[in-house]
Amino acid sequence: MARVGVIGGGAFGTAMACVLRRRGHEITLWAREAEVVESINRDRVNATFLRGVRLPDGIDATLDFGAAAGNAVFVLLAPPAQHMRAVTSQLRPHLPAGVPVITCSKGLEQGTCALMSQVLAETLPDAPVAVLSGPSFAAEISIDQPTGVTLACVDPVLGERLERGIGTPRFRVYLSDDVIGSQICGVMKNVLSIATGIVTGKKLGNSMRAMLLARGLAETVDLGLALGARLETFLGLSGIGDIDLSCNSPQSRNMSLGIALGEGRRLAEVLGERITVQEGVHSASAVAALAGRLGVEMPIAAMVDRILNHGAAPDDEIADLLALPFGVEPAVVPWLRRGPAPASLPLAPSLD
């Protein structure tokens, strides 16, 4: 039995604590909120972020980074993407050199357009990094409903060790070495689920939602290949698996937000009612900025950014999207003909 640290006491961090505890580990979960720590330790529930789920014994919560990370064989990171830099900068003095970290946060950092692995290369330079992504609603995996996820790691030996430390028959882990592609998929599924939510709220039909999912996947592939990702990643669990889940279920926080916008509600009003983070809201502007830097056309992502961040009316944006010239499939052919693209992000640190 090993000790594992989980950083982030939101819904997904708490759910992953349950998964890891069922794997047999002793879990110390760091949370920012004192009330979350008290609720977990006293009542065995996270009443703030994961209501209705009783947590197994063997999960202890703390406000102390050292208690969570000091004796851990690996640390799982699950703060909101926009808080990753601040949280891991505070974690750094408490994390022994060489202890692996696994990021579960799905987003691009605003301003830098950095992937989470790139943020961690700066804030935790002595920690090997892996990426966990795939179709995994917190409410479902916390109660042991089955799924499969991708664990991306450039070191195959470390990847296999982490796979054995995480996977169970009902939380299946599949290895990949495409760290970039796995993260781009996680970023884009949040943006696309807002888009599909908007058309669902507008009652524009299942056919249009499916069109946005397919064309949004093409945009995701174009962006990922421009950064050096591999095409097959987008066909796997972290790609179409996660995109399909988020774009077809109102249980998705991002899709439900899009539905509310499509029904005519204002963004500030919807966000004001929620305590959880909708990662797609923050990532949309970063995706639009990154696509501009790389010269990648992403009309659906750009539409979401204009609606969320520039006050555009959903009806006008949908009309403009439908008025675009017809195209040719597959959209990724130019990238495949051109060969491998540079893997570095402009104005962001190298993944190497």
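Residues numbered from 1 in each chain as written. Predicted model: local features only at pLDDT ≥ 70, side-chain atom pairs only at ≥ 80, totals over all residues. Heavy atoms only, no water.

### A closer look at the overall build of the protein
Point 1. Secondary structure assignment for the protein yields 16 helices and ten strands.
Point 2. Against the globule reference of 20 Å for 352 residues, the protein gives a C-alpha radius of gyration of 20 Å, in line with a compact fold.
Point 3. Summarising its shape, the C-alpha atoms of the protein cover approximately 60 × 45 × 35 Å along the three principal directions.
Point 4. A burial count over the protein gives 55% of its 352 residues as buried.
Point 5. Within the protein, residue pairs in contact and separated by at least 24 positions form 73% of the contacts whose partners lie at least 6 positions apart.
Point 6. Carbon and sulfur atoms make up 54% of the accessible area of the protein, which amounts to about 14600 Å² in all.
Point 7. Averaging the coordinates of the 30 positive side-chain charges in the protein and doing the same for the 35 negative ones gives two points 3 Å apart. (Helix = DSSP H or I, 4+ residues; strand = E, 2+ residues; numbered from the N terminus. Rg over C-alpha atoms; globule rule 2.2 N^0.38 Å. Buried < 20%, exposed > 50% of the residue type's maximum accessible area, 1.4 Å probe, protein only. Contact = heavy atoms within 4.5 Å. Areas by Shrake-Rupley, 256 points an atom, 1.4 Å probe, with all protein chains shown as cover. Lys, Arg positive; Asp, Glu negative; His and termini not counted. Charge placed at Lys NZ, Arg CZ, Asp CG, Glu CD.)

### Details of the nonpolar core
As a rule of thumb, soluble globular proteins bury nonpolar side chains together.
Point 1. Among the nonpolar cores identified, the biggest contains 48 residues, and Ile184, Phe234, Val287, Met298, Val304 and Leu308 are the most heavily contacted of them.
Point 2. Counting only elements with at least two residues in this core, the list comes to helix H8 (179-201), helix H9 (206-226), helix H10 (237-247), helix H11 (253-262), helix H12 (267-272), helix H13 (279-294), helix H14 (299-309) and helix H15 (314-322).
Point 3. Looking at this core, the element that brings in the most residues is H8, giving eleven residues.
Point 4. Residues within four places of Ile184 in sequence aside, it is in contact with Leu115, Thr220, Leu223, Gly224, Leu227 and Phe234.
Point 5. Counting 38 residues, the second largest nonpolar core, distinct from the first, contains Ala31, Leu76, Ala138 and Ile166. (Core = buried A, V, L, I, M, F, W, Y, C linked by side-chain atoms within 4.5 Å.)

### Concerning the packing of H8 against H11
Point 1. It is at 6 Å that the axes of H8 and H11 come closest, and there the two elements cross at 35°. Crossing geometry of H8 relative to H11 is assigned as right-handed. Contact residues: H8 offers Asn190, Ser193, Ile194, Thr196, Gly197, Ile198, Thr200 and Gly201, while H11 offers Asn254, Met255, Leu257, Gly258, Ile259, Leu261 and Gly262.
Point 2. Considering only residue class, the contact of H8 with H11 consists of six nonpolar, nine polar and no charged. (Axes fitted to C-alpha atoms, helices over the stretch in contact; angles between N-to-C directions. Left-handed = near helix turned anticlockwise from the far one by under 90°. Nonpolar A, V, L, I, M, F, W, Y, C, P; charged D, E, K, R; others polar.)

### A few points about the layout of surface pockets
Point 1. Taken as a whole, the largest pocket spans an internal volume of roughly 1100 Å³.
Point 2. If you trace the largest pocket, you find 43 residues lining it, with Gly10, Ala11, Phe12, Arg253 and Val277 closest to the centre.
Point 3. Taken together, the elements giving at least two residues each to the lining of the largest pocket come down to helix H1 (11-22), strand E4 (50-54), helix H4 (84-91), helix H6 (138-141), H8, H10 and H11.
Point 4. A class-by-class count of the residues in the lining of the largest pocket yields 19 nonpolar, 16 polar and eight charged. (1 Å grid on protein atoms, 1.4 Å probe; cavity = no way out; pocket = protein on both sides within 12 Å on 5 of 7 lines; lining within 4 Å. Points joined across faces, edges and corners; volume = space filled by probe spheres on them.)

### Overview of H9
Helical geometry note: an α-helix holds 3.6 residues per turn, so side chains three or four residues apart project in the same direction.
Point 1. With 21 residues, H9 should reach 30 Å at 1.5 Å per residue; the first-to-last C-alpha distance of 30 Å fits that figure.
Point 2. Here H9 lies mainly inside the structure; 15 of its 21 residues are buried.
Point 3. Gly228 sits one or two positions beyond H9 and adopts a positive phi of about 100°. (Expected span 1.5 Å × (residues − 1).)

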